[in-house]
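Commentary on secondary and tertiary structure
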Amino acid sequence: MKTIIKRTQKFSFLFNLILLFSIITGELNAQEYPVIGPGIEKPKTHSPYFIIKSDNPETDRMPLKSTNANVNIAGVIADIQLSQVYKNTGSNSLEAIYVFPASTRAAIYSMKMKIGEREIIAVIQKRESARQQYELAKQNGQTASLLEQERPNVFTMNVANILPGDLIEVELKYTELLVPESGIYEFVYPTVVGPRYNSGGENHSAENWIENPYLREGESPNYSFDINVNLNSGLPIQSLQSKSHEVSIEYKGKHKAEVSLRDKNKFQGNKDFILQYRLTGAKIASGLLLFEGEKENFFLAMIQPPKQIKAENIPPREYIFIIDVSGSMNGFPLDVSKKLLKDLIGGLKQDDMFNILLFAGSSRLYSEKSVEASRENINNAISFLENQRGGGGTELLPALKRGMSLSATEGVSRSFIISTDGYVTVEKEAFEYINKNLGNANFFPFGIGSSVNRHLIEGMAHVGRGEAFIVSNVAEAGPIAEKFRKYISRPVLTNIELQIKDFDTYDVEPSSIPDVFAERPVIVYGKWKGKAEGSIILTGYTGNERYSKTLNVPDYKAAKSNSAIKYLWAREKIRLLDDFIQVSYSHEELKEEVTALGLKYNLLTSYTSFLALDSEIRNANTISTTVRQPLPLPQGVSNYAIGGAPSNGYRKSMRIQGNYKSAPVYEMADAEMEEESEAGTYQIIEKPAEFKGGMDALEKFLKNNSGMPGETKAIVYVQFTVDADGSVKDIKILRGFDSMADKEAVRLIKLTDKMWNPAMFGKKAVKSQLIIPVKF
């Protein structure tokens, strides 16, 4: 029979970290059920959790059956039609909730719901109003679908009153602009939202979307995924490939092609779909697009900067590397990050300076101040990186604050380089902090993994006046490190100014243009009145030489096929207002302006939602079960991303209940505790074995015997067995930090020999686990 300890004790130690103590009996491959200890308030923070499977045939726990994307790329504009099919195979009526991603710049402008032969067009409404009407419809027994934006790249689909046997399709459309870099166009279709670490706080306590179930590492979901792309580039295609998926390509002429997944029976919806193409002669579709609407006219200018010049006499720089070593980075992502950092650090010049800050639940600094990039220091730094293993939470903000507060080397330009998958909820707080504390430095974020949080990565680059990089596998680490060195050595264009002559424009975005590091067109959106005449002039400096590029407006003609520009302009306006930081707006002013833009241009925003409402009352008894559609973990992300669950399956069916800065706290719902497992029915033991003298004595003992004087903090997961006589044996590191921290944790456990009292278990040995903070 499986025995699970119900009570969990929490302690506050000298190190201001948390000790979580749980005991699991005997030789069982046990399922853990720790909960909040006596007198401790249950945290309200939402967090992801592993799905608990049920054999109950009455409720379909996985109602999403398929998700398909049809992509049409015409010139530089992609239009995406996304279809989600829900089917209820159980006997209970359902409400399905599905969290899914899209591009960070997606302008979602349409949604409709199909129930059999009937089609209901969704209406854009204020978010609060749409939610109220949806809840009322759900109570009334009406089928309804509600689409809400949680982040610029994360959305929640709610479908209420899916009756047994129902097949309901929800279709949404969005458009985005494709901007080439060094002559290469790239279309990215995100497929899954990675599990977010929620550090709590007032701003994130009510974010229900974070509390979503996930499947275990390597486990495929029950829904299918498919994507098809029709490309009409307008110019001859030189090369076309997917760097993420195996695809079939059928050319329909010199500038047309159709792309589809090669193996449609294999689930491939757990990583970003990335399609790249290059036009003959490395040409790009630069110029001016014009659209004349009934009430407003829009333009989109794409102005190609000069080629990057070779840098000479590059001055020394200081590089602060901020490296994510949290649980979600465990394994493959951290291996990629290590390879990238070895290439970056290994390529520093001898007169450069550098430092490294590792962060998870806490942070660890390589050196108290930056060191010279000597061969000895570089080798030591690489060894420092090699010893790291992913584990713990992702406390991004404290890491940024510590890294950016380090004393700068006088007379040397500084660059911050952060390597992370971005699985956090504090995007805007990070943007705000970087913007206020950057000074004259630059910020270069590297997104690591197959399905990173691009909103965070791109946003940090935006406010940090740098460039964003995505490294999806080890093979890309070297080339991307070289690309970074090329960018940092010499920006393509600086001191940029835009002049518009004799062309009556207004609402032009962006209002100012930052330095350009990559060989990427400068993008300008706006509206115009009167005749399409005059010119748009871009000037700046490339090295020490002045550069100027002119677009003559009469050379370009307005076209109805450019109608997407109105959505792209509005989305860009919203992006600059709301996605990053708001310097000159109050919250209410910002909400009012973004809401007005969403309603006027029929766009999904943080404050506007799409609602499709069926007029029929289809569920007469109005009773339904809410089901959150479980998501697959992104490819390469281990079970450690969900509260540090080991991939060997030792912990099963866990639901993280929130704020675990140093150690997670878990809870299962009471209903889940009534289910049976392979090992038998759950049995709750109300009081675990204790350290002799009680938990206060354990706290005091560890405090008094932590003999390491250093300032580095770490979390080490230790498992050991307490024999019937209270002796300690079989000490094992479940998840360590590095060799020094691991040794200190083992030393502390050994000191507790004969100090435990497992008498309540009779003659059985007791397997114990400590998640212990050490300081060294």
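Since the structure is predicted, the reported quantities are computational estimates derived from the model, not experimental observations.

Turning our eyes to something else, we now look at the overall build of the protein. Along the backbone of the protein there are 12 helices and 44 strands. Out of the 776 residues in the protein, the part that is buried amounts to 59%. Long-range contacts, defined here as pairs at least 24 residues apart, represent 77% of the contacts in the protein between residues at least 6 apart. Summing over all exposed atoms, the protein offers an accessible surface of approximately 31600 Å²; the carbon and sulfur share of this is 46%.

Before going further, it helps to spend a moment on the pattern of salt bridges. A side chain of one charge can pair with a side chain of the opposite charge if their charged atoms are brought near each other. The full count for this structure, using the stated rule, is 36 salt bridges. Of the charged contacts, one joins Glu 150 and Arg 127 as a salt bridge, the two residues approaching to 3.3 Å between their closest N and O atoms. Within this pair, whereas Glu 150 is found in strand E11 (residues 142–151), its partner Arg 127 is found in helix H1 (residues 127–140), the two being separated by 23 residues in sequence. Of the two residues examined, Glu 150 and Arg 127, each falls in the buried class. Residues joined in a network through salt bridges with shared partners are Glu 95, Arg 127, Arg 131, Glu 135, Lys 138, Glu 148 and Glu 150.

Another aspect to go through is helix H4 (residues 396–404). Among the residues of H4, Leu 396, Leu 397, Ala 399, Leu 400, Gly 403 and Met 404 are the ones counted as buried. Looking straight down H4, one finds its buried side chains confined to an arc of 160°; they lie on one side. Looking at the buried positions of H4, the neighbouring elements they touch are strand E23 (317–324), strand E24 (353–359), strand E27 (413–420), helix H5 (427–437), strand E28 (442–448) and helix H6 (454–463).

Moving on, we come to the packing of aromatic side chains. In the structure shown here, the tally under the stated rule is 24 aromatic pairs. Seen from their ring centres, Tyr 98 and Phe 100 are 5.6 Å apart, and the 25° between their planes marks the pair as stacked. You can call Tyr 98 buried: its relative accessible area is 2%. Between Phe 444 and Phe 484, the aromatic rings sit 5.2 Å apart at their centres with planes inclined by 80°, giving edge-to-face as the arrangement. Note that Phe 444 is positioned in strand E28 and Phe 484 in helix H7 (residues 474–489), a separation of 40 residues in sequence. A residue is classified by how much of its surface remains accessible, and Phe 444, at 0% relative accessible area, is buried.

A word on the packing of H5 against H6. Put simply, H5 and H6 touch, their axes get as near as 9 Å, and they point 15° apart. The orientation of H5 relative to H6 falls into the category roughly parallel. In terms of crossing hand, the pair formed by H5 and H6 is right-handed. From H5, Glu 427, Ala 430, Phe 431, Ile 434 and Asn 435 reach across to H6, where they touch His 455, Leu 456, Gly 459, Met 460 and Val 463. The residue inventory of the contact of H5 with H6, partitioned by class, reads 6 nonpolar, 3 polar and 1 charged.

Working definition: the strands of a sheet are paired by backbone hydrogen bonds and lie parallel or antiparallel to each other. If you trace the 3 strands from one edge of the open sheet to the other, you get E14-E20-E17, paired in antiparallel fashion. Every other strand in the sheet has two partners, leaving strand E14 (184–189) and strand E17 (237–242) as the edge strands with one partner each. The average undirected angle you get between the axes of adjacent strands in this sheet is 15°. The sheet contact formed by E17 and strand E20 (residues 273–279) spans 5 bridges and is antiparallel. Looking at E20, one finds that Leu 240 is bridged to Tyr 277.

Once that is clear, we can look at the pairing of strand E8 (residues 107–115). Across a regular strand the side chains alternate sides, sitting on one face of the sheet and then on the other. E8 sits mainly inside the fold: 7 of its 9 residues count as buried. Looking at chain direction, E8 and strand E13 (residues 167–177) are connected through 8 bridges and run antiparallel. If you follow Ile 115 over to E13, its bridge partner there is Ile 168. Here 4 bridges tie E8 to strand E9 (residues 118–121), and the two strands are oriented antiparallel to one another. Paired with Lys 112 across the two strands is Ile 121, which belongs to E9.

Quick look at the confidence of the model for the protein now. Confidence in the prediction for the protein averages 81 pLDDT; 80% of positions are at 70 or higher. Here strand E39 (residues 683–685) is the element of the protein with the lowest mean pLDDT, 26, and strand E10 (residues 123–126) is the one with the highest, 98. This stretch, residues 1–44, has a pLDDT under 50; its non-local contacts, to residues over four places away or in other chains, come to 147 contacts. Segment residues 644–689 is flagged for pLDDT under 50; beyond a separation of four residues in sequence, or across chains, it makes 149 contacts in the model.

Parameters at a glance
Counting starts from 1 at the beginning of each chain's written sequence and moves along it residue by residue. It should be noted that, the model being predicted, local features are given only for residues of pLDDT at least 70 and side-chain atom pairs only at 80 or more, the latter also being counted only at that level, while totals for whole chains, interfaces and linings use all residues. Excluded from the side-chain calculations are hydrogens and water; all other atoms, namely the structure's heavy atoms, are used. Numbering of helices and strands runs from the N terminus; a helix is a DSSP stretch of H or I covering at least four residues, while a strand is a stretch of E covering at least two. Throughout this description, buried means an accessible area under 20% of the type-specific maximum (1.4 Å probe, protein chains only), exposed means over 50%, and partly exposed covers the range between. Two residues qualify as a contact provided that any one of their heavy atoms is within 4.5 Å of a heavy atom in the partner residue. Where accessible areas are quoted, they stem from the Shrake-Rupley method and a 1.4 Å probe; at the residue level, only the protein chains shown are allowed to cover. Any carboxyl oxygen of Asp or Glu within 4 Å of a side-chain nitrogen of Lys or Arg constitutes a salt bridge here. The directions from the helix axis to the C-beta atoms form the arc being described. We call Phe, Tyr and Trp rings a pair once their centres come within 6.5 Å, taking the six-membered ring for Trp, and we label the pair stacked below 30 degrees between planes, edge-to-face above 60, and tilted otherwise. Axis lines are fitted through C-alpha atoms, for helices just across the contact stretch, and the angle between N-to-C directions can take any value from 0 to 180 degrees. In this scheme, roughly parallel covers angles under 35 degrees and roughly antiparallel covers those over 145, while 65 to 115 is roughly perpendicular and the rest are oblique. Left-handed describes a crossing whose near helix is turned anticlockwise from the far helix through less than a right angle; right-handed describes the clockwise counterpart. Three classes are used: nonpolar for Ala, Val, Leu, Ile, Met, Phe, Trp, Tyr, Cys and Pro, charged for Asp, Glu, Lys and Arg, and polar for all others, with Gly counted as polar. DSSP-based pairing: two strands are paired if at least 2 bridges between them are found. Note on scores: pLDDT gives the predictor's confidence for each residue, bounded by 0 and 100.

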